[in-house]
Amino acid sequence: MTLLAATATTPPLPIPPLSVILAWLTLAALVWALGYAAACAAAPFGRCRRCDGHGKTITPNGRVRRWCRHCDATGLRLRWGRRLFNYLRRL
């Protein structure tokens, strides 16, 4: 049994200069920041991470163990982007 070797090779792709890579990364970061700012303006509250948006911690049998102290039992938290916006607005 003979193995066929590849005879045609493709040339390696050229690596773009560092300035082009940094420009694309900067553009991607700017698009992400604008998208997150729009999300914070449209929905300033997110689910509480501690209680998963329930406002309480629940035991495995379904009873309430205690009310969440991090969100004051609302199940909501203020997003960090909205906190930053509120801080900058007060300056």
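Computed from a predicted structure; not experimentally measured.

Enquirer: Hey, could you run me through the packing of aromatic side chains in this one?
Expert: To describe a pair of aromatic rings, you give the distance between the ring centres and the angle between the ring planes. The final tally for this structure, using the stated rule, is 2 aromatic pairs. Look at Tyr36 and Trp80: their rings are 5.1 Å apart centre to centre, the planes differ by 25°, and that puts the pair in the stacked class. Residue Tyr36 is located in helix H1 (residues 18-42), and its partner Trp80 is located in helix H2 (residues 80-90); the two are separated by 44 residues in the primary sequence. Clustering of aromatic rings is evident, with ring pairs tying together Trp32, Tyr36 and Trp80.

Enquirer: What am I meant to see in unusual backbone geometry here?
Expert: Note on backbone geometry: most residues besides glycine have negative phi, and most peptide bonds are trans. Notably, Asp52 is not glycine yet its phi reads approximately 60°, a positive angle. Note on Asp52: relative accessible area 40%, which makes it partly exposed.

Enquirer: I'm lost on the packing of H1 against H2 in this one. Help?
Expert: Between two packed helices, the angle of one axis relative to the other and the distance separating the axes together describe the packing. Look at H1 against H2: their axes get within 9 Å of each other, and the N-to-C directions meet at 85°. Comparing the axis directions of H1 and H2 gives the class roughly perpendicular. Residues Trp32, Tyr36, Cys40 and Ala41 of H1 touch H2, and the partners they reach there are Trp80, Gly81 and Arg82. The class makeup of the residues in the contact of H1 with H2 is 5 nonpolar, 1 polar and 1 charged.

Enquirer: Sorry if this is basic, but what is going on with the environment of Ala73 here?
Expert: Structurally, the position occupied by Ala73 is in the loop between strand S3 (64-67) and strand S4 (76-78). Along the chain, Ala73 and Lys56 lie 17 residues apart, while their C-alpha atoms are 6.1 Å from each other. Setting aside residues up to four positions removed in sequence, Ala73 forms contacts with Gly55, Trp67 and Cys68.

Enquirer: How should I be thinking about H2 in this particular structure?
Expert: Residues lying three or four places apart along an α-helix face the same way, a consequence of the helix completing one turn every 3.6 residues. Along H2, the residues that are buried comprise Gly81, Arg82 and Asn86. With its buried residues spanning 140° around the axis, H2 presents them on a single face. Every exposed residue of H2 that faces more than 90 degrees away from the buried side is listed here: Trp80, Arg83 and Tyr87. Contacts from the buried residues of H2 go to H1 and S4.

Rules used in this analysis
- Position numbers for residues count from 1 along each chain, tracking the sequence in the order it is written.
- Where local features are concerned, this predicted model is filtered to residues with pLDDT of at least 70; where side-chain atom pairs are given and counted, the filter is 80 or more; whole-chain, interface and lining totals use all residues.
- Each side-chain value is derived from all of the structure's non-hydrogen atoms; neither hydrogens nor water enter the calculation.
- Any two rings among Phe, Tyr and Trp, with Trp reduced to its six-membered ring, count as a pair given centres within 6.5 Å; such a pair is stacked if its planes are under 30 degrees apart, edge-to-face if over 60, and tilted if neither.
- Runs of E in the DSSP output that reach at least two residues are strands. Runs of H or I that reach at least four are helices, and both are numbered from the N terminus.
- Under the scheme applied here, a residue whose accessible area is under 20% of the maximum for its type counts as buried, over 50% as exposed, and between as partly exposed, the area being computed with a 1.4 Å probe on protein chains only.
- Axis definition: a line fitted to C-alpha atoms, limited for helices to the stretch in contact. Angles are taken between N-to-C directions and run from 0 to 180 degrees.
- For classification purposes, angles smaller than 35 degrees are called roughly parallel, those larger than 145 roughly antiparallel, those between 65 and 115 roughly perpendicular, and all remaining angles oblique.
- Here a residue-residue contact requires only that any non-hydrogen atoms of the pair lie within 4.5 Å.
- Only Asp, Glu, Lys and Arg are considered charged, only Ala, Val, Leu, Ile, Met, Phe, Trp, Tyr, Cys and Pro nonpolar, and every remaining residue, Gly among them, polar.
- Each direction from the helix axis to a C-beta atom contributes to the arc, which is the arc of those directions.

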